[in-house]
Amino acid sequence: MAVSFANGIPSKGKAKAAHVNMMTDTVIANLPPDALRGIVRGLLGFEQNLTSHFHDLAAKYLLTTKPTSTPSGLFAKITTGLAPTDSFFETQSRVRCLMGCGFGFDSIRTLTDVLQELSLSFGKDSVVDDQLTSTLASIDGDIVQAVTSVQKELLTGSGSRVMTASEQEVIKSLRSTLRSWSSSHQDPELKFAFARGFTRLAEFEGGGSVLSQKRQIATQSSRTRNHISETVQLGSLEVPRMFAGLWQFSSPAWGTASRAQINADFRKHVDAGFTAYDMADHYGDAEVTFGQFRSAQPDSSEIYCATKLCVFGSVEVTPEFIDSNVTQRAANVEADSIELLQFHWQDYDDHQYVQAAKLIADHAKVQNLGLCNFDTQRMDEMVVAGVKVVSNQVQFSLIDLRPTFKMADSCRKHNVKLLTYGSLCGGFLADKWLNVPAPNLFDKNMTPSHRKYFEMIEVWGGWILFQELLSVLSAIGKKYNTSISTTAVRWILDHDYVGAVIIGARMGISEHVDENLEVFKFKLDGEDQAGIQKVLDKCKAKDVFAEMGDCGAEYRQ
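What you see is a predicted model; the values in this text were computed from it and never measured.

J.: Can you tell me about the overall build of the protein, naming the residues and giving the values?
T.: Of the regular secondary structure elements, the protein holds 21 helices and 16 strands. Relative to the compact-globule value of 24 Å for 557 residues, the protein shows a C-alpha radius of gyration of 24 Å, a close match. Within the protein, the fraction of its 557 residues that count as buried is 52%. Sequence separation of 24 or more characterises 78% of the internal contacts of the protein that already satisfy a separation of 6 or more. With an accessible surface of roughly 25,600 Å², the protein has 53% of that area assigned to carbon and sulfur atoms. Once the 55 positive and 65 negative side-chain charges of the protein are each reduced to a mean point, those two points are 1 Å apart.

Rendered as structure tokens:
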């Protein structure tokens, strides 16, 4: 999210001079950093209008602490090669803060300096060990995110503005540095170390790649490809009832991997039968990486793209605006048309969303229109207006039962299928949480997803009732020789208005292909359903609905 700057200076707005009492300041001064992070995340989740103030203050901090130059000594020579130093990690942290606060060009400048020092420090006899491979992949991932930040910085209400001469020089310098690195190495692992960054940077030149990367694209496996038995019809599209979600690409917090590792995992998923992929225009380089992988596969026609067109700010909806966005999505995934384009519109008070949906549905490059995080009222409004909608992507789990209140009936009436995410409740619906105490929200290993879903569990019924649910799911899982997670997903799929479940796939980092396939080996019988329902009858699902609102409301509070 870009912050409201004018010439790089945070907007002042109304003067604020709230008093922070001395005892509160004493707590702030003495809390450990991890505790402070946890508390800040909690505050932002509790009161979302604080987010813009947080971004403004963070941006002010970055401006007032801006170094005159990038620190040196980012890499230290060891026996066989190079190792990142504390200075590198401090610089990387600053780069990521710059990206998040809308200083895309500043982050590009710093990354260029990092790469230049790396090039100078890297000797011909340097050995690429696991640590250096991980470091290169993290830098590559940061370049991807920096380009995304630049694109947001260039965005205006009527489209993207043209870069200034100085901004063009910043991009040119990074491009030259990357090209120099590539030409200096013959080993593919080094030559293509920044392949993802190369490709994202090429978007400023109209797309394409500055390097031939076909050798990095994994080819079809020699093993016979599996076909998932359960499929769903979404308009003209027939796809498996489980999608792989690519939101990992939206942030380095989920981990980073090389292009080769990512492509190898893509191929493994396809061979297992996972041929439908969910992504978005703002998920880093998810579209581009997916597009390059798919276009190089002999079975590319059997691999399906579900991406998104998201409007978060104020825009004027015109045929030209929609055409530009749809065309860019298709270009990114290297396709003549998009199998499923999912539409998200942030501001319901701006009723242009109906017009936008019609233009998207009628576009020649869009095969099917889906929605993303629309509530029942607005979904009904669009269908009644004549817009052909085949799906709506919303959050749905045994803890978040909001779709059962209003959305379910609307889906049945209009033949709209739900594509659900969050169905594992941020990882809480898993064997490892059975018979353990409630987690410490301030533990350094707690992710933002953990915090979000734990708070939902508390409203839903609390940790004791949640343990009762896990016990029931565990008993059912043992009956079918499977896990709590698989059983929880099966419960979602057994709803007639659910088209498919989206399971996050951290390509190149971790995967659960075999466990995910177990979902299609069984169905819950009446006894299983009754056991689960007995627990749900005790929960406060209505309170969750009342507190959070209908589907997608949490993104608009």
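J.: Account for the confidence of the model for the protein, naming residues and giving values.
T.: It should be kept in mind that the predicted coordinates are not to be read in detail where pLDDT is low. For the protein, the mean per-residue pLDDT works out to 88, and 92% of the residues sit at or above 70. No element of the protein has a lower mean pLDDT than strand 1 (residues 5–6), at 42, and none a higher one than strand 13 (residues 369–372), at 98. Note on residues 1–10: pLDDT is under 50 here. Beyond four places in sequence and across chains, it has 23 contacts. The low-confidence segment residues 207–216 (pLDDT under 50) makes 28 contacts with residues lying over four places distant or belonging to another chain.

J.: Can you explain unusual backbone geometry? Please cite residues and give values.
T.: Of note in the backbone geometry, Asn373 takes a positive phi value of approximately 60° without being a glycine. Residue placement: Asn373 occurs in the loop between strand 13 and helix 14 (376–384). If you check the backbone angles, Asn481 has positive phi at about 55° while not being a glycine. Classification of Asn481 as exposed rests on a relative accessible area of 70%.

J.: Give me the lowdown on the packing of aromatic side chains, citing residues and values where you can.
T.: Applying the stated criterion to the full structure yields 25 aromatic pairs. On the basis of an interplanar angle of 45° and a centroid distance of 6.4 Å, the ring pair of Phe428 and Phe454 is categorised as tilted. With Phe428 in the loop between strand 15 (417–421) and helix 16 (448–460) and Phe454 in helix 16, this pair connects stretches of sequence that are 26 residues apart. No difference in accessibility class separates Phe428 from Phe454, as the two residues are buried. Aromatic side chains Tyr480 and Phe522 sit 4.7 Å apart centroid to centroid with 25° between the ring planes, which places their arrangement in the stacked category. Remark: Phe522 occurs in the loop between helix 19 (513–517) and helix 20 (526–536) and Tyr480 occurs in the loop between helix 17 (463–479) and helix 18 (484–493); sequence separation between them is 42 residues.

J.: Give me the lowdown on the environment of Trp181, citing residues and values where you can.
T.: By the secondary structure assignment, Trp181 is in helix 7 (residues 165–183). When the C-alpha positions of Trp181 and Arg259 are compared, they lie 16 Å apart, and in sequence the two are 78 residues distant.

J.: Explain the nonpolar core residue by residue, including any values.
T.: Counting residues in each nonpolar core, the largest one holds 103 residues, and the members touching the most others are Tyr277, Phe343, Phe428, Trp460 and Phe466. No other element matches the seven residues that helix 17 contributes to this core. Not counting the four nearest positions on each side in its chain, Phe466 is found in contact with Ile399, Phe428, Leu429, Ile457 and Trp460. The next biggest cluster of nonpolar side chains, apart from the first, holds 32 residues, and it includes Leu82, Ile108, Phe194 and Leu201.

J.: Lay out the sheet that holds strand 10 (residues 276–278) with the relevant residues and their values.
T.: The strand order 9-10-11-12-13-14-15-16 describes a closed barrel built from eight strands, whose pairing is parallel. Taken over all neighbouring pairs, the strand axes of this sheet differ in orientation by 30° on average, direction set aside.

J.: Account for the pairing of strand 15, with residues named and values stated.
T.: Among the five residues in strand 15, four count as buried, and that is most of the element. Inspection of the sheet shows strand 14 (residues 391–395) paired to strand 15 by five bridges, in the parallel sense. Across the sheet, the residue bridging to Asn392 is Leu418, located in strand 15. A crossover connection joins strand 14 to the parallel strand 15 through helix 15 (residues 407–414); in handedness this β-α-β unit is right-handed. As defined by bridge partners, strand 15 adjoins strand 16 (residues 498–504) across three bridges and the pair is classed as parallel. Within strand 16, the position partnered with Leu418 by the bridge is Val498.

J.: Explain the pattern of salt bridges to me, and be specific about the residues and the numbers.
T.: By the definition in use, this model includes 22 salt bridges. In this structure, Glu287 engages Arg329 in a salt bridge whose closest nitrogen and oxygen atoms are separated by 2.7 Å. Of this pair, Glu287 sits in helix 11 (residues 286–295) while Arg329 sits in helix 12 (residues 319–332), placing them 42 residues apart in sequence. Glu287 gets classed as buried once you look at its relative accessible area, which sits at 3%. A salt bridge links Glu554 to Arg402, with the nearest nitrogen and oxygen atoms 2.9 Å apart. A residue pair is termed long-range when its members are at least 10 positions apart, and Glu554 in the segment after helix 21 (541–548) and Arg402 in the loop between strand 14 and helix 15 qualify at 152 residues. Both residues of the pair, Glu554 and Arg402, belong to the buried class. Ionic contacts of the salt-bridge type, sharing partners, join the residues Glu230, Arg241, Arg490 and Asp494 into one network.

J.: Give a detailed account of the side chain of Arg94, specifying residues and quantitative values.
T.: Residue position: Arg94 is located in helix 4 (residues 86–100). For Arg94, which is buried and forms no salt bridge, the nearest opposite charge comes from Asp106, at a distance of 7.3 Å. Looking at Arg94, its side chain comes within polar contact range of the main-chain oxygen of Leu62, at 2.6 Å. In contact with Arg94, not counting residues within four places along its chain, are Leu62, Thr65, Lys66 and Pro67.

J.: Quick one: what's the story with a nonpolar patch on the surface, residue by residue and with numbers?
T.: A cluster of nonpolar residues, Ile39, Leu43, Leu50 and Phe442, forms a patch on the protein surface that exposes about 320 Å² of accessible area. Relative to the elements of secondary structure, Ile39 occurs in helix 2 (residues 33–46). Judged by relative accessible area, which is 34%, Ile39 ranks as partly exposed.

The rules behind each value
- Residues numbered from 1 in each chain as written.
- Predicted model: local features only at pLDDT ≥ 70, side-chain atom pairs only at ≥ 80, totals over all residues.
- Heavy atoms only, no water.
- Helix = DSSP H or I, 4+ residues; strand = E, 2+ residues; numbered from the N terminus.
- Rg over C-alpha atoms; globule rule 2.2 N^0.38 Å.
- Buried < 20%, exposed > 50% of the residue type's maximum accessible area, 1.4 Å probe, protein only.
- Contact = heavy atoms within 4.5 Å.
- Areas by Shrake-Rupley, 256 points an atom, 1.4 Å probe, with all protein chains shown as cover.
- Lys, Arg positive; Asp, Glu negative; His and termini not counted.
- Charge placed at Lys NZ, Arg CZ, Asp CG, Glu CD.
- pLDDT = per-residue confidence, 0-100.
- Phe/Tyr/Trp six-rings, centres within 6.5 Å; stacked < 30°, edge-to-face > 60°.
- Core = buried A, V, L, I, M, F, W, Y, C linked by side-chain atoms within 4.5 Å.
- Pairing = 2+ DSSP bridges.
- Axes fitted to C-alpha atoms, helices over the stretch in contact; angles between N-to-C directions.
- Right-handed = clockwise from strand over helix to strand, strands pointing away.
- Salt bridge = Lys/Arg side-chain N within 4 Å of Asp/Glu carboxyl O.
- Polar contact = N/O pair within 3.5 Å; in protein donor to acceptor, adjacent residues only side chain to side chain.
- Patch = residues over 30% accessible without salt bridge, like charges linked within 9 Å, V, L, I, M, F, W, Y side chains within 5 Å.

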